[in-house]
Amino acid sequence: MQEREPEALWLAAPAACWTGTGADAGGGIVIRGNRIIELVPAGGEARTPGARRESVAGLVLLPGLVNCHHHFYQTLTRAFPAAQQKELFEWLQALYPVWAGIDGEAVTVSTTLALCELLLSGCTTAVDHHYLFSASTGDAIDRQVEAAADLGARVVLTRGSMSLGTSRGGLPPDSVVQDEDAIVADCERLLARYHDPADDALCQVALAPCSPFSVSSELMTAVAALAAERGALLHTHLGETEDENRFCLERYGKRPVDVLEETGWLRPGTWLAHGIHFTDAEIARLGAARVAVSHCPSSNLFLGSGLCPVLDLEAAGCPVGIGVDGSASNDHSNLMEEVRQALLVQRLRYGSAAVAATDALRWGTAGGAALLGRRALGRLAVGAVADLALFDPAEDLRFSGAGDLVAALVTSGARRARHVMVDGRWRLRDYALAGVDLDALRSRHAVCARRLQAG
């Protein structure tokens, strides 16, 4: 017997709609299963026979946001007293000994809480860079896969790593580094078990040695070869501070971009977190290789790292997305707030006329999708995956008087979505997350945070 076709759903008559492509969907969109099958023009009616009409009048419809860089576990050390008023290297050195105490329960609860924060902000696809492994963390990525599946969130989980401890001239203490053969073996295991290459995959795995000051060039090379063999993406921190440049010059006699090239990373499918301190020639090389960059504005401001040259990177050919980055260097996991921060930072760098609110939205949606090589995400278009967010400008006085509701979400600062759909399923309805007891989650998270910070 032939399976019955899923019912079509028409999200009708939004107050405003931004598709990310310039197409007119002022009358809403029609969804069947996990795909968008029709854009309804302003004032029009759905043509799909039998589509069930659900009014979203008064709401602003956007593609689901794509978060390109995060460290979920760092939600456990927000506003940590010993890490305040420090730049990156000193900040890390204050936190590494604390993070060494992370256990499996802490991984699970921090992943769940961070994903809930992101969903509440309209984020439907989230990257996490988990690079902290010790005897107590157990199978951290496996725990993250389970937590994301429980929430129905779309994730790209990166198997991070640190192998270059202080005894070998690196920055992290030896207690949080791993043997390089063990790292590569676990990367192989995770790719085989969890990586789904489909364009609508709910879970993908990428490989992510932490940074040039915490792994060896030999590990960078080995992981790049494995990623090429398995068709996986590569991710690392790069170009975040001048301290990193000095470290690479002293250890390798090269700048970080040269280290990338030498280890086989200067290629499509690589994306970098931060990408601030590059020369013009290095930006040209990154663009020619189609290396992507996750702009992390709040983290960069908090740590005094600098301003990412987003327009120069895009002009050179680099896809650019936005990341909230670790909550310990941002203290929130709200991607919509980060979109606003990106607008303000880039206007500071390039001038207000050069950057529109929709540029920031593009970085937070289609830009992130391009960075991840996921064309089915980050836009409202026929054939795209039904990942979307609906915001209610009537919920807050800050939107009163707005002439352009789409721009107002960015310039006035939307803080939370009313409804969020992931893969054609509602994960947030009227500000309530499906199947989540937020009070219980908050309590569980607080217990883990107190235990971790107390040592």
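Residues numbered from 1 in each chain as written. Predicted model: local features only at pLDDT ≥ 70, side-chain atom pairs only at ≥ 80, totals over all residues. Heavy atoms only, no water.

A. Region of the structure containing the overall build of the protein chain. Check the secondary structure of the protein chain and you find 14 helices and 18 strands. Here the C-alpha radius of gyration of the protein chain, 21 Å, is about what a compact globule of 455 residues would show, namely 23 Å. Its C-alpha atoms put the protein chain at 65 × 50 × 45 Å along the principal axes. Sequence-distant contacts in the protein chain: of pairs separated by 6 or more residues, those separated by 24 or more amount to 74%. Side-chain charges of the protein chain comprise 40 positive and 54 negative groups, with the mean position of each set lying 4 Å from the other. (Helix = DSSP H or I, 4+ residues; strand = E, 2+ residues; numbered from the N terminus. Rg over C-alpha atoms; globule rule 2.2 N^0.38 Å. Contact = heavy atoms within 4.5 Å. Lys, Arg positive; Asp, Glu negative; His and termini not counted. Charge placed at Lys NZ, Arg CZ, Asp CG, Glu CD.)

B. Highlighting the side chain of Glu282. On the secondary structure map, Glu282 appears in helix 8 (residues 280-288). Judged by its relative accessible area of 5%, Glu282 falls in the buried class. Reaching out from Glu282, the side chain makes a polar contact with the backbone nitrogen of Thr279 at a distance of 2.9 Å. Aside from chain neighbours lying at most four places away, what touches Glu282 is Arg255, Val257 and His277. (Buried < 20%, exposed > 50% of the residue type's maximum accessible area, 1.4 Å probe, protein only. Polar contact = N/O pair within 3.5 Å; in protein donor to acceptor, adjacent residues only side chain to side chain.)

C. Representation of the sheet that holds strand 15 (residues 388-391). The six strands lie next to each other as 2-6-15-16-17-18, forming an open sheet whose pairing is mixed. Either end of the sheet is taken by a strand with one partner, and the two such strands are strand 2 (16-17) and strand 18 (432-433). Bridge count between strand 17 (residues 425-429) and strand 18: two bridges; the pairing is antiparallel. Bridge pairing in strand 18 places Leu428 opposite Leu433. (Pairing = 2+ DSSP bridges.)

D. Highlighting the nonpolar core. Residues Trp91, Leu92, Trp99, Leu115 and Met336 are the most contacted members of the largest nonpolar core, which totals 115 residues. Met336 has contacts with Leu62, Leu65, Ser121, Leu361, Phe391, Leu409, Val410 and Ala414, leaving out every residue within four places of it along the chain. (Core = buried A, V, L, I, M, F, W, Y, C linked by side-chain atoms within 4.5 Å.)

E. Quick peek at helix 12 (residues 357-371). Its 15 residues give helix 12 an end-to-end C-alpha distance of 20 Å, which sits within 8% of 21 Å, the value for a rise of 1.5 Å per residue. Its maximal kink placed at Trp363, helix 12 deviates by approximately 40 degrees. The element helix 12 is largely enclosed, with a buried count of 11 among its 15 residues. Along helix 12, the positions that sit buried rather than exposed are Ala357, Asp359, Ala360, Leu361, Trp363, Gly364, Thr365, Gly367, Gly368, Ala369 and Leu371. Gly373, located one to two residues past helix 12, shows a positive phi value of around 65 degrees. (Expected span 1.5 Å × (residues − 1). Bend = angle between axes of the 7 residues up to and from the residue.)

F. Geometry of the side chain of Asp387. By the element assignment, Asp387 lies in the loop between helix 12 and strand 15. The exposure class assigned to Asp387 is buried, which follows from its relative accessible area of 3%. From its side chain, Asp387 meets the backbone nitrogen of Asp423 in a polar contact 2.7 Å long. With near-sequence residues (within four places) excluded, Asp387 lies in contact with Pro63, Gly64, Thr124, Thr125, Arg154, Leu377, Leu380, Met421, Val422 and Asp423.

G. Spatial organisation of the sheet that holds strand 3 (residues 28-32). Strands sit in the order 4-3-1-5 across an open sheet of four strands; the sheet is mixed. Both edges of this open sheet fall to strand 4 (35-40) and strand 5 (52-55), since each of them pairs with a single strand only. The mean angle between the axes of side-by-side strands here comes to 25 degrees, regardless of whether they run parallel or antiparallel. Judged from the four bridges that link them, strand 1 (residues 8-12) and strand 5 form a sheet pairing that is parallel. Across the sheet, the residue bridging to Ala12 is Ser55, located in strand 5. (Axes fitted to C-alpha atoms, helices over the stretch in contact; angles between N-to-C directions.)

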